[in-house]
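In case you want the letters, here they are:
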Amino acid sequence: MNYNECIQNARGLVGKVCKACPECNGRACGNKMPGPGSKGIGDTAIRNYDKWKEIRVQMDTLVEKRPIDTTLKLFGKSFQYPFFAGPVGAVNLHYGDSLNDVSYNDILVSACAEFGIAAFTGDGTDSNVMVAATKAIKHAGGFGIPTVKPWNIETIREKMALVHDAAPFAVAMDIDAAGLPFLQNLNPPAGSKSVEELRAIAEEAGVPFIVKGVMTVKGALKAKEAGAAAIVVSNHGGRVLDQCPATAEVLEEIAEAVGDSMKILVDGGIRSGTDVFKALALGADAVIIARPFVTAVYGGGREGVEAYINKIGSELKDTMAMCGVSSLAEITRDCVRR
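Residues numbered from 1 in each chain as written. Predicted model: local features only at pLDDT ≥ 70, side-chain atom pairs only at ≥ 80, totals over all residues. Heavy atoms only, no water.

## Looking at the overall build of the protein
Part 1 of the reasoning: Within the protein, the regular secondary structure consists of 11 helices and 12 strands.
Part 2 of the reasoning: Taking 2.2 N^0.38 as the reference for a compact globule, 338 residues should give roughly 20 Å; the C-alpha atoms of the protein span a radius of gyration of 19 Å, in line with that estimate.
Part 3 of the reasoning: Out of the 338 residues in the protein, the part that is buried amounts to 55%.
Part 4 of the reasoning: Counting only contacts in the protein whose residues sit at least 6 apart along the sequence, the fraction spanning at least 24 positions is 71%.
Part 5 of the reasoning: Computing the positive centroid from 36 side-chain charges and the negative centroid from 39, the protein places the two 3 Å apart. (Helix = DSSP H or I, 4+ residues; strand = E, 2+ residues; numbered from the N terminus. Rg over C-alpha atoms; globule rule 2.2 N^0.38 Å. Buried < 20%, exposed > 50% of the residue type's maximum accessible area, 1.4 Å probe, protein only. Contact = heavy atoms within 4.5 Å. Lys, Arg positive; Asp, Glu negative; His and termini not counted. Charge placed at Lys NZ, Arg CZ, Asp CG, Glu CD.)

Structure follows, in structure tokens:
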């Protein structure tokens, strides 16, 4: 199976809003939620996609031919490629009821672990979403990253108990989910967190803590102050704030400010191995891809995940070879131009 076959198979299974487009660029789904759309006029998801395409790679084949090494080491684990599957929750609501969070996570987490990467898993108001996610990660020997929403501290502790039982190698919080409607007006309150609150949550995690949803240098430095081991430069795929900058527009300045003090991941509109290369050149250690993995799971199950990983991995290898680099460490700022 290849990824094009996944796309064909997924059509009709991913709901009335997602069109299983040949390349997911935010245009067909627009601002439709429930569904994979983004907030307001749907501008941010489209901008995420477009801004990666404005960055060009620098071809250089006047180099010694060497084997291409795409392996990544992160938090004591080795991965075949520097990209991960992104967290998605309530898939039956947003995509289609041929799968639910239990069946989706069972496929995604195990397949990613089998084929050399890891999956972030989602969270939701239904407690079974986190139960299913952590159970899948536990069955995969801890080879996955559960993502907890910024609930009130009591709920976070309940979620962290499930996380601890699954023994993942890292845990994330998508702090930008504070902009999701279902987190509004809860009692006790959920949503944005102070540095002090985030520090307490990081300590509660007990494993490397990843703060997802950073879009400014100021935010990155706050996450560092709170004890985060990594950040994800992310605007939640455009689902929480309209008229937001694209992640490609802010990644470089955040990476320069943070330096080597923490790991940097980035998501938002990354749709090819060439896009992965561009993100690494601008300072990311790894990237996260979410929506296309949904198409892969719905359209092909385990084989679909394998096909999509192979597609992005092959494109990354080809770009590295054509730009004269043989390892991730050699991908630097001068490999791309705006």
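## Quick look at the nonpolar core
Part 1 of the reasoning: Phe84, Tyr104, Ile231 and Phe293 are the most contacted members of the largest nonpolar core, which totals 106 residues.
Part 2 of the reasoning: By residue number, the principal contributor to this core is helix H11 (residues 291-322), which donates 11 residues.
Part 3 of the reasoning: Not counting the four nearest positions on each side in its chain, phenylalanine 293 is found in contact with Phe84, Ala85, Tyr104, Leu108, Cys112, Ile117, Val305, Tyr308 and Ile309. (Core = buried A, V, L, I, M, F, W, Y, C linked by side-chain atoms within 4.5 Å.)

## A look at the packing of aromatic side chains
Part 1 of the reasoning: Inspection of every chain in the model, using the stated rule, returns 10 aromatic pairs.
Part 2 of the reasoning: Considering the side-chain rings of phenylalanine 84 and phenylalanine 120, the 6.1 Å spacing of their centres and the 80° angle between planes classify their relative orientation as edge-to-face. Of this pair, phenylalanine 84 sits in strand E4 (residues 83-85) while phenylalanine 120 sits in strand E5 (residues 120-121), and the two are 36 residues apart along the sequence.
Part 3 of the reasoning: Its relative accessible area of 0% is what places phenylalanine 84 among the buried residues.
Part 4 of the reasoning: What links up through ring pairs into an aromatic cluster is the set Phe79, Phe84, Phe120, Phe143 and Phe169. (Phe/Tyr/Trp six-rings, centres within 6.5 Å; stacked < 30°, edge-to-face > 60°.)

## Brief notes about helix H10 (residues 273-281)
Part 1 of the reasoning: Taken across its nine residues, H10 has eight buried, putting it largely inside the fold.
Part 2 of the reasoning: Looking at H10, one finds that the buried residues are Gly273, Asp275, Val276, Phe277, Lys278, Ala279, Leu280 and Ala281.
Part 3 of the reasoning: One or two positions beyond H10, positive phi appears at glycine 283, with a value near 120°.

## Overview of empty space enclosed by the protein
Part 1 of the reasoning: Tallying each qualifying case throughout the model produces one cavity of 30 Å³ or more.
Part 2 of the reasoning: Lining of the largest cavity is provided by 13 residues; of these, Asn25, Gly26, Ala45, Arg271 and Arg291 occupy positions nearest its centre.
Part 3 of the reasoning: Examining the composition of the lining of the largest cavity, we find that three residues originate from one element, helix H2 (residues 43-54), more than from any other.
Part 4 of the reasoning: Here the residues of the lining of the largest cavity are counted per class, giving five nonpolar, six polar and two charged. (1 Å grid on protein atoms, 1.4 Å probe; cavity = no way out; pocket = protein on both sides within 12 Å on 5 of 7 lines; lining within 4 Å. Points joined across faces, edges and corners; volume = space filled by probe spheres on them. Nonpolar A, V, L, I, M, F, W, Y, C, P; charged D, E, K, R; others polar.)

## Quick look at the packing of helix H4 (residues 101-114) against H11
Part 1 of the reasoning: Direction vectors running N to C along H4 and H11 enclose 15°, while the axes themselves pass 9 Å from each other. With respect to H11, the axis of H4 lies roughly parallel. For H4 against H11, the interelement crossing comes out left-handed. Listed contacts from H11 to Tyr104, Ile107, Leu108, Ala111, Cys112 and Glu114 of H4 are Phe293, Val294, Val297, Tyr298, Gly301, Arg302, Val305 and Ile309.
Part 2 of the reasoning: Here the residues of the contact of H4 with H11 sort into 11 nonpolar, one polar and two charged. (Axes fitted to C-alpha atoms, helices over the stretch in contact; angles between N-to-C directions. Parallel < 35°, antiparallel > 145°, perpendicular 65-115°, else oblique. Left-handed = near helix turned anticlockwise from the far one by under 90°.)

## Quick notes on helix H1 (residues 3-10)
Part 1 of the reasoning: What H1 keeps buried is the set Tyr3, Cys6, Ile7 and Ala10. Axial view of H1: buried residues confined to an arc of 100°, hence all on one face. For H1, the exposed residues set more than 90 degrees away from the buried face come down to Asn4 and Gln8.
Part 2 of the reasoning: In this fold, the buried residues of H1 make contact with H11.
Part 3 of the reasoning: Measuring from the side-chain oxygen of the N-cap residue of H1 to the backbone nitrogen of asparagine 4 gives 3.1 Å; that N-cap residue is asparagine 2.
Part 4 of the reasoning: Glycine 12 sits one or two residues past H1 and shows a positive phi near 95°. (Arc of directions from axis to C-beta. Polar contact = N/O pair within 3.5 Å; in protein donor to acceptor, adjacent residues only side chain to side chain.)

## What about the layout of surface pockets?
Part 1 of the reasoning: The volume enclosed by the largest pocket comes to roughly 770 Å³.
Part 2 of the reasoning: Lining the largest pocket are 41 residues, and of these Pro87, Val88, Gly89, His94 and Arg239 lie nearest its centre.
Part 3 of the reasoning: Contributions of two or more residues to the lining of the largest pocket are made by helix H3 (91-94), H4, helix H5 (127-139) and strand E11 (286-289).
Part 4 of the reasoning: Residues of the lining of the largest pocket, tallied by class, amount to 17 nonpolar, 14 polar and 10 charged.
Part 5 of the reasoning: Put simply, the second largest pocket is a space of about 510 Å³.
Part 6 of the reasoning: Looking at the second largest pocket, it is lined by 23 residues, and the ones nearest its centre are Ile175, Asp176, Gly213, Val214 and Gly219.
Part 7 of the reasoning: Every element with two or more residues in the lining of the second largest pocket is listed here: helix H7 (195-205), strand E8 (209-214) and helix H8 (217-225).

## A look at the side chain of aspartate 123
Part 1 of the reasoning: You can see aspartate 123 is positioned in the loop between E5 and H5.
Part 2 of the reasoning: Owing to a relative accessible area of 4%, aspartate 123 belongs among the buried residues under this scheme.
Part 3 of the reasoning: A polar side-chain atom of aspartate 123 sits 3.0 Å from the main-chain amide nitrogen of lysine 149.
Part 4 of the reasoning: Among the polar contacts made by the side chain of aspartate 123, one reaches the side chain of lysine 159 at a distance of 2.8 Å.
Part 5 of the reasoning: The contacts of aspartate 123, once residues within four sequence positions are left out, are Gly89, Val129, Met130, Thr147, Val148, Lys149, Trp151 and Lys159.

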